[in-house]
Amino acid sequence: TQLGEMSDANFPKDEFGHVYHLGIGPGDVANRIIMVGDTHRAKLLADSIEGYEIYSDYTPPRLFRIITGTYKGIKLSIVGTLMGIANMDFCVREIRAVTKGPLYLIRLGTCGTPSDEVSLGDVVLADKCVGIIRNPNFFHSTEEEKEGIDPYIFTKPVEASKPLFSGLKSEVELCLKSFESISHVGVDASADSFYSSQGRIDSAFDDENEAVIGDLMKKYPETKSLEMESFTLFDLATCCRKSEIHAASVAIVIAQRKSGEFLETSKKVLLSRVLGIAIADTLVGIEA
Ligand code: R1P
Ligand code: URA
């Protein structure tokens, strides 16, 4: 893709309709999309979904990755979104800007779990998401001002698209039948940091985060996953005014925060491949 000169400071596009950060234009991305944070996982899925015929694989200068092809005769994209709130925001808004009609977005992520009911290598399907935000006003206040200000803000929950969630749940349960892994339904908490707002202790920074996971579990006892993008995806999907966006999310548990264990890479890769196929089947199974 050759990007031209951008115009319009409000929503920059070039003369071909390419958007500024993803570098894609009309026709370059499908309305059914698998979203992953890791661009190598995007390629791994594209290579693992048998019968997926890739017709474009684009990495813009900002290093997102947009793979588009057909699966079972239906146009399907796999997008490497990179990590965090801002990157998911670029992806959802710029994909919305170059597509027409309903969008179906399913995120396949990795996550930590704060729950002792969930094991390494299990899978969490988010029926709703909350956000955890490190509150700068707390850290830049005097001791006196800090009274009544919380170091972390927990948002209200935002729900997954019900039909997409239930289709995804069936496909995920089916695909895990021959594995040790179990799928759980729960609240996903998407944090604005892998570290501070996920309760990781880092003596190099003033984070005041010893209580953040306990406070989260008090407020949302059904929390089963901790990651960094699904809340933004659900938030924007439900706030979209231009046609509908249906969003759902599933994550592989790679960090058990109570026991301190971390999943080995080969298991993460195997589960990614199997879940990628389950998500592709969910997306092409939708009657749009
Ligand atoms: C942090 O390691 C990253 O892993 C999780 C988090 O949401 C964050 O993006 O998801 P991905 O594996 O999809 O990137
Ligand atoms: N991704 C996260 O954001 N947190 C984890 O603990 C693991 C993956």
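Residues numbered from 1 in each chain as written. Chains lettered and ligands numbered in written order. Predicted model: local features only at pLDDT ≥ 70, side-chain atom pairs only at ≥ 80, totals over all residues. Heavy atoms only, no water.

1. A look at the site of ligand 1
Line of reasoning, step 1. Neighbouring residues of ligand 1: G37, R41, M83, R107, G109, T110, F194, E227, M228 and E229.
Line of reasoning, step 2. Between an oxygen atom of ligand 1 and a side-chain N or O atom of R41, the distance comes to 2.6 Å.
Line of reasoning, step 3. Contact between ligand 1 and T110: an oxygen atom at 2.6 Å from a side-chain N or O atom of the residue.
Line of reasoning, step 4. For ligand 1, whose unbound accessible area comes to 340 Å², protein coverage reaches 86%.
Line of reasoning, step 5. Looking at which element gives the most residues to the shell around ligand 1, the answer is strand β5 (residues 103-113), with 3 residues.
Line of reasoning, step 6. Broken down by class, the residue content of the shell around ligand 1 amounts to 3 nonpolar, 3 polar and 4 charged. (Near = heavy atom within 4 Å. Polar contact = N/O pair within 3.5 Å; in protein donor to acceptor, adjacent residues only side chain to side chain. Areas by Shrake-Rupley, 256 points an atom, 1.4 Å probe, with all protein chains shown as cover. Helix = DSSP H or I, 4+ residues; strand = E, 2+ residues; numbered from the N terminus. Nonpolar A, V, L, I, M, F, W, Y, C, P; charged D, E, K, R; others polar.)

2. Looking at the site of ligand 2
Line of reasoning, step 1. Neighbouring ligand 2 are T110, C111, G112, F194, Q198, R200, L226, E227, M228, I254 and A255.
Line of reasoning, step 2. One of the side-chain N or O atoms of Q198 is found 2.8 Å from a nitrogen atom in ligand 2.
Line of reasoning, step 3. Within the side chain of R200, an N or O atom sits 2.7 Å from an oxygen atom of ligand 2.
Line of reasoning, step 4. Bound to the protein, ligand 2 loses 93% of the 240 Å² it would expose on its own.
Line of reasoning, step 5. For the shell around ligand 2, the elements supplying multiple residues, two or more each, are β5, β10 (223-227) and β11 (245-256).
Line of reasoning, step 6. Per-element tally for the shell around ligand 2: the top contributor is β5, with 3 residues.

3. Some details on the pairing of β10
Line of reasoning, step 1. Judged by how many residues are buried, β10 sits mostly within the fold: 5 of 5 residues are covered.
Line of reasoning, step 2. Where strand β9 (residues 183-191) and β10 come together, 4 bridges link them in parallel fashion. Its bridge partner lying in β10, V187 is registered against T223.
Line of reasoning, step 3. Remark: the β9/helix α6 (residues 212-219)/β10 crossover connection has right-handed handedness. (Buried < 20%, exposed > 50% of the residue type's maximum accessible area, 1.4 Å probe, protein only. Pairing = 2+ DSSP bridges. Right-handed = clockwise from strand over helix to strand, strands pointing away.)

4. Points about unusual backbone geometry
Line of reasoning, step 1. Residue D8 is not a glycine yet carries a positive backbone phi of 80°.
Line of reasoning, step 2. For D8, the location among the structural elements is in the segment before β1 (32-36).

5. Quick word on the pattern of salt bridges
Line of reasoning, step 1. Applying the stated criterion to the full structure yields 14 salt bridges.
Line of reasoning, step 2. Residues R93 and D89 are paired through a salt bridge, measuring 2.9 Å at the closest nitrogen-oxygen approach. Of this pair, R93 and D89 both sit in helix α2 (residues 84-98), 4 residues apart, which is roughly one turn of that helix.
Line of reasoning, step 3. With a relative accessible area of 45%, R93 lands in the partly exposed category.
Line of reasoning, step 4. Measuring nitrogen to oxygen at the nearest pair gives 3.2 Å for the salt bridge that ties D207 to R134. On the criterion of sequence distance, the pair formed by D207 in the loop between β9 and α6 and R134 in strand β6 (residues 123-134) is long-range, its members being 73 residues apart.
Line of reasoning, step 5. With relative accessibility at 8%, the residue D207 sits in the buried group.
Line of reasoning, step 6. A network of salt bridges, in which partner residues are shared, links R107, E227 and E229. (Salt bridge = Lys/Arg side-chain N within 4 Å of Asp/Glu carboxyl O.)

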